[in-house]
Amino acid sequence: MNSFTYFRAHEVAAALTEKATAPQAKFIAGGTNLTDLMKVNVEQPHHLIDIRRLPLNKIEETEENGLRLGALVTNADTAYHPLVESRYPLLAKAILAGASAQLRNMATNGGNPLQRTRCYYFYDTATACNKREPGSGCSALNGYNRIHAILGTSEHCIAVHPSDMAVALTALDAKVNVTGPQGERVIPFPEFHRLPGDTPNIDTNLSPDEIITAIDLPTKGFAENNAYLKLRDRTSYAFALVSVAAALELEGNIIKEARIALGGVAHKPWRKPEAEAQLVGKEANPENFAQVAETLLAGAQGFGHNNFKIELAKRAIVRALLQAAKMEEIS
Amino acid sequence: MEKAFFDQDNINDSLDRVDGRLKVTGKATYAAEYQLPNIAHAVLVTSTIAKGLITALDSKQAERAPGILAVISHVNSPGVPAYGSSPAMPERATLGTPLRVFHDNLVYFSGQPVAVVVADTLQRAKYAASLVKVQYEKEPHQTDLEANISRAALPANVQRDKNSRYHDYDRGNPEALNTAAVKIEATYKIPTEHHNPLEPHALIAHWEAPDKLTLYDKTQVIKGTQGNLARAFKLPIENVKVQAKFIGGAFGSGIRVWPHVMAATLAAKKVQRPVKLALPRELMFNSVGSRPETIQKLSIGATKDGRLTAITHEAIAHTSTYEEHTERTVLATRVLYACPNVRTRYRLVNLDVNTPTWMRGPGEVTGVYALESAIDELAYALRIDPLELRLRNHADSDPEKNLPWSSKSLKECYAKGAEHFGWHKRTLEPRSMRQGQFLVGYGMASSMFGVHRNNAKARAVLQADGKVIVQSATSDIGPGTGTAMTQIAADTLNISPALIRFDLGESTLPDAPGQTGSTTVSSVGSAVKVACEALKQKLLQLAVTSPHSTLYNANPADLSVADGRIFKTQNPAVSITYTEILKQNNLPQLEVTEESKPGAEWQKYSMSAFGAHFVEVHVNPITGEVRVKRVVTCAGVGKVINLKTARSQSIGGIVGGIGMALTEESVMDHRFGRYVTADFANYHVPVHADVPQIDAFFIDEHDPHVNPVGAKGLGEIAIVGVSAAIANAVFHATGKRIRNLPITPDKLI
Ligand SMILES: Cc1cc2nc3c(=O)[nH]c(=O)nc-3n(C[C@H](O)[C@H](O)[C@H](O)COP(=O)(O)OP(=O)(O)OC[C@H]3O[C@@H](n4cnc5c(N)ncnc54)[C@H](O)[C@@H]3O)c2cc1C
Ligand code: SF4
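Position numbers for residues start from 1 in each chain and track the written sequence from start to end. For this description, chains carry letters from A and ligands carry numbers from 1, given in the order in which they are written. A pLDDT threshold of at least 70 governs which residues receive local features in this predicted model, and a stricter bar of 80 or more applies before side-chain atom pairs are shown or counted, although totals over entire chains, interfaces and linings include all residues.

## Topic: the overall build of chain B
Working step 1: Summing up its helical and strand segments, chain B has 18 helices and 31 strands in all.
Working step 2: Here the C-alpha radius of gyration of chain B, 27 Å, is about what a compact globule of 749 residues would show, namely 27 Å.
Working step 3: Once the C-alpha set of chain B is aligned to its principal axes, its extents read approximately 80 × 75 × 50 Å.
Working step 4: Residues are treated as contacting if the C-beta atoms built from their backbones sit within 7 Å of each other. Taking contacts inside chain B between residues at least 6 apart in sequence as the whole, the part at least 24 apart equals 81%. Comment: elements are numbered from the N terminus, with helices defined as DSSP H or I runs of at least four residues and strands as E runs of at least two. In this description the radius of gyration comes from C-alpha coordinates, and the expected globular size is given by 2.2 Å times residues to the power 0.38.

## With respect to helix α9 (residues 364-382) of chain B
Since one α-helical turn is 3.6 residues long, residues separated by three or four positions face the same way.
Working step 1: Given a rise of 1.5 Å per residue, 19 residues ought to cover 27 Å, and the 26 Å separating the end C-alpha atoms of α9(B) matches this to within 8%.
Working step 2: The buried fraction of α9(B) is high, at 17 of 19 residues. For a helix, the expected span equals 1.5 Å multiplied by the number of residues minus one. Field definition: a residue is buried when 20 or more other C-beta atoms are found within 10 Å of its C-beta, exposed when 12 or fewer are, and partly exposed for counts in between, with C-beta atoms placed from the backbone.

## Brief notes about the sheet that holds strand β12 (residues 270-271) of chain A
Residues and elements named next belong to chain A.
Working step 1: Paired strands are those between which DSSP finds at least two bridges. The strand order across the open sheet formed by four strands is β9-β10-β11-β12, and the pairing between neighbours is antiparallel. One side of each edge strand has no neighbouring strand; the edge strands of this open sheet are β9 (225-231) and β12.
Working step 2: Taken together, the seven bridges between β9 and strand β10 (residues 242-251) define a ladder with antiparallel strand orientation. Looking at the pairing, leucine 231 lines up with valine 242 of β10.
Working step 3: Docked against the sheet, helix α5 (residues 89-96) engages β9 and β10, running at close to 15° with respect to β9.
Working step 4: Between N-to-C directions, angles span 0 to 180 degrees; the directions come from axes that are lines fitted to C-alpha atoms, helices contributing only their stretch in contact. In the packing of helix α11 (residues 308-324) onto the sheet, contacts are made with β9, β10 and β11 (254-263), and the angle to β10 comes to roughly 35°.

## Brief notes about the nonpolar core
Working step 1: To define a nonpolar core, we join buried Ala, Val, Leu, Ile, Met, Phe, Trp, Tyr and Cys residues through C-beta atoms within 7 Å and take the resulting set. Ranked by internal contacts, the top residues of the largest apolar core, which has 328 residues, are A:Ile317, B:Val117, B:Val118, B:Ala267, B:Ala489 and B:Ile726.
Working step 2: Considering each element in turn, this core owes the most residues, 11 residues, to helix α13 (residues 520-545) of chain B.
Working step 3: Those residues in contact with A:Ile317 that sit more than four places away from it in its chain are A:Val244, A:Ile260, A:Phe289, A:Val292, A:Ala293 and A:Leu296.

## Focus on the sheet that holds strand β6 (residues 175-180) of chain A
Residues and elements named next belong to chain A.
Working step 1: The sheet built from five strands is open, its strands ordered β4-β5-β8-β6-β7 with antiparallel pairing. Both outer strands of the open sheet, β4 (59-61) and β7 (183-188), are each paired with one neighbouring strand and no more. Each adjacent strand pair in this sheet contributes to an overall mean axis angle of 25°, direction not counted.
Working step 2: Pairing geometry for β6 and strand β8 (residues 211-217), over five bridges, is antiparallel. Residue valine 176 lies in a different strand from β8, and its bridge partner there is isoleucine 215.
Working step 3: The strands touched by helix α1 (residues 12-21) within the sheet are β6 and β8, with β8 carrying the most contacts at an inclination of about 135°.

## As for the UniProt feature "domain: FAD-binding PCMH-type" (unreviewed entry) in chain A
Working step 1: In the numbering used here, UniProt assigns the "domain: FAD-binding PCMH-type" (unreviewed entry) feature to residues 1-222 of chain A.
Working step 2: Secondary structure content for residues 1-222 of chain A is 23% helix and 17% strand, and the end C-alpha separation is 44 Å. UniProt positions are given in the numbering used here, feature names are shortened, and annotations may be inferred rather than shown by experiment.

## Some thoughts on the domain arrangement of chain A
Working step 1: Each domain's extent was defined by an automatic or database domain assignment. Here chain A is partitioned into domain 1 (5-51) and domain 2 (225-324).
Working step 2: Here domain 1 of chain A and domain 2 of chain A have C-alpha centroids that lie 36 Å from each other.

## Quick notes on the site of ligand 2
Working step 1: In the vicinity of ligand 2 there are 14 residues, among which A:Cys119, A:Tyr121, A:Cys129, A:Cys138 and A:Cys157 approach most closely.
Working step 2: Residue polarity follows a fixed list, in which Ala, Val, Leu, Ile, Met, Phe, Trp, Tyr, Cys and Pro are nonpolar, Asp, Glu, Lys and Arg are charged, and the others, Gly among them, are polar. The residue makeup of the shell around ligand 2, split by class, is 10 nonpolar, three polar and one charged. Near, for a residue, is defined by distance from a backbone-placed C-beta atom to a molecule or strand, with 6 Å as the limit that must not be exceeded.

## Details of the site of ligand 1
Working step 1: Near ligand 1 there are 32 residues, and of these A:Gly30, A:Gly98, A:Gly110, A:Gly111 and A:Leu114 occur at the shortest range.
Working step 2: Chains contributing residues near ligand 1 are chains A and B.
Working step 3: For the shell around ligand 1, the elements supplying multiple residues, two or more each, are β2 (26-28), α2 (34-39), α6 (101-106) and β8 of chain A.
Working step 4: Partitioning the shell around ligand 1 into residue classes produces 17 nonpolar, 12 polar and three charged.

## Some words on the interface of chain A and chain B
Working step 1: Chain A puts 30 residues into the contact, and the matching count from chain B is 31 residues.
Working step 2: Counting residues per element, the side of chain A that touches chain B draws most heavily on α11(A), at seven residues.
Working step 3: Across the side of chain A that touches chain B, the residue classes break down as 13 nonpolar, eight polar and nine charged.

## Observations regarding the packing of helix α16 (residues 643-663) of chain B against helix α17 (residues 722-734) of chain B
Residue and element names in this part refer to chain B.
Working step 1: Relative orientation of the contacting elements α16 and α17 amounts to 55°, with a least axis distance of 8 Å. One way to sum up the angle between α16 and α17 is to call them oblique. With respect to the hand of their crossing, α16 and α17 are arranged in right-handed fashion. On α17, the residues that touch Gly653, Ile654, Gly657, Ile658, Met660, Ala661 and Leu662 of α16 are Val722, Ser723, Ile726 and Ala727.
Working step 2: Of the residues assigned to the contact of α16 with α17, the class counts are eight nonpolar, three polar and no charged. What sets the label is the angle itself: under 35 degrees gives roughly parallel, over 145 gives roughly antiparallel, 65 to 115 gives roughly perpendicular, and the rest give oblique. The crossing is said to be left-handed when, going from far helix to near helix, the turn is anticlockwise and less than a right angle, and right-handed when the turn is clockwise.

Structure representation (structure tokens):
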């Protein structure tokens, strides 16, 4: 870890001004990801702008009958908020499937989608990594890649995005509100994260000088039929090998609308509108779920150690949809 | 806890931990927490290549960083006298040479300390460490056990020692395997595992004078560390002091002096200040050993009615290029079952990694995993209940040494365990039990761990106020040593445990062996017992010989002792207390030091602890997730000194076994010879959600032969066999035999 200077902002404008004067500075919110990366010299900011005290710490209903999650509300307060629990249980489940109670008490809604990959090589500065050091190469491609991506990869990077929360937000069609020097804008959640392409060092479409102010949830929360299934190497406190956020709108046994987002398989939460469309008007049953799993995984490619994820993801999709349709008990 | 299985006469059998309050209130001082004036902080720079030479080490930038006191490496090390002078042309160390820290420019493994940066604060040291630039000339390295299996060889240290137990072993005619009516053959693999105690290794090295060294170190072997450093720095032994009063777990990682200890000691010498060095978690994977990766081939032959006719067991494990770590991997196979024809082979492969070491249940854990899995496979081949198969082949005496067991309650363990578990509910076929959507599996395995005992000394001092201080240079890595010793002393002296203070964790105390191999109660406990017994005899002697004593001239045979009072058995009113004896004799205190050693009994008996584990797992048939639902374990470990801490030991061992079976694996990227899973996000120790209800039972076993205390030791056996029981349950649930641990979901789908 290097020495750094520190500034605490109390207003969004002050944070943006500070950032304008020190473009290499980093915002710090809960610090649960940034400080870890600083300790292993993956991030070496010389200036930190603490945004924890920004007045973005509320959960409020929006005019469109949705919910606005302040960027600085903690993951814990979000997951246990009565309106989130009752109207967006999928989000609550996804958040609670992540990290540990202590971390969720620190982690913020703005910081969570911005956490960086858990690729081993990204963390080990003794190895090459295009995400950490553009152009140095990707050690995972021909290395140990058990936790890596099977969809949307590039020859430059096969990392996955580790967030659970982001998978649910993608399925729910959330929107990210950001403010920057150019003013405010809204980024639909499915477009927030990027595929690696030849710039794996850039995780999201947020510009470095922008601040996330809130995440908006639309009216529809699929509170009746949803499931977040996270498969991992131990029962709790581990990142997903594969995760599935599934939400259904059912009429009897017939699917009116379906949302499926996958975590642990790509550089961003993975969604495919044509797969979801395929379920509309169909019966909720294992056969139809298996078919949609095939569509979602079309083109999936393993890199050796992670080949199993293709089959595991398909099975997880079926199981998550069965759970969402209340056709399978939850373990 | 059910008392029914534990009716020992020991009144203190669940004494609370004597240091529990200190620990939970944060008052226990661990190695890195000693507040010494003027302390400096050290951070290691470690090699990024697995084999080769350091061609340049540029520390200029680091030395200019704020707060930096020194950057020490082979270029400017104050030197370790025992290493000799640094060679002009460095040569690779011969096998058996512990890593010579900062001695030359040779790299033996990735993660080897190549420099240490010392600064006035930890943060400054860390930052400067990132500025040290090291250039290497790489040589091709070998870190892959399977790829190097053709180099597997009988360890050189075994070849030199004709009494070694690791020589090739043949009993009867192992070729009988070829003609067995039923035969199974399988290869089992365990990955490298790391101990990962919660408290990372740390020490403070303090040269109090140019020839006087004090270490506050996380070590399981206080006297061993003292001797090692005295030899290394050519100091009189009494000039080296080692302190380790509290240890936050170790599981074997603290059994020897590791390179980081030498690095901190050299740093303290250079900067002439006390130096603290605490390993960050990621360095715990390169610095303090590991359980060796091991490949084992098991073949078992049996008659149709399930009598074993032959077993062969071949184990190949990794070691480093500079040291051979050998462990008892194949030894249990020679004795666990009554089988006339047995062959074992033990081989090592040297790799460019750091030296592995003992990790909880060393050797036995690995070997019994393979053996007990193979026995399970045989049970299915024979269509005999796995427990019944084990009973049919019970070894009534030690089939290797042809000696009687000093005591053995394995059959009782099977019976109690099976009863509490409800083993009879198990159906024979794999995939035959379900609960809702889950596949249910029942599995079991035997466990064993040999009894070991070393020489140990203890001092017991009765003070005027009636308190007794008992001392021995042992350590407590968590089992509750201080508590057990307090109970042994209290029982022997017939006084309340509240009057005992047990001191450990300091090299100035009477000699004790390291806390290894489940030997502490048997060795140190015996020393405490004989010391306290001697103290009591001295008091009895004084009671009948001092003229003012109420018991003057009484016959010691007519006397009894209770509550610190000696009295006439027939007339308890005639009595004298311990403190009155001191007073009458004008003694400020009464002190004895005694040594206890193993003796001739070891020629007459074979000594071992035995036990059995029963496990229920649920497996999700779609996603392959395994959940251990409950565990029942039962062990015969001689006398149980403290039921509560014993139960904790058993539970801890089971948790370790769950990790071994389902989650723990250190993966190396052989292109770099580096561990890629070197943090807690990727090295998965079990969390609470992985740990189910665990019921631990003990058989009330009276063994007069093992040692004066009658205790066999429990720390190691608690984990031995657990991974086999789980793997066997997974097979019963799924019909899939996973022979390479850990059993992660990808292996089951
Ligand atoms: C041991 C461990 C286990 C974990 N397990 C899981 C898991 O299973 N699932 C999971 O999803 N997560 C897991 N996490 C990750 C955790 O959820 C994230 O670290 C956390 O959500 C990050 O939030 P934060 O507020 O602490 O972010 P910080 O660390 O403060 O910031 C992260 C990044 O976001 C930027 N940033 C933060 N807020 C804003 C904002 N409002 N606007 C612009 N930029 C911003 C920062 O500059 C920084 O680059 C785990 C973390 C740890 C340490
Ligand atoms: S997968 Fe991406 S993050 Fe991992 S080493 Fe390759 S480039 Fe770096």
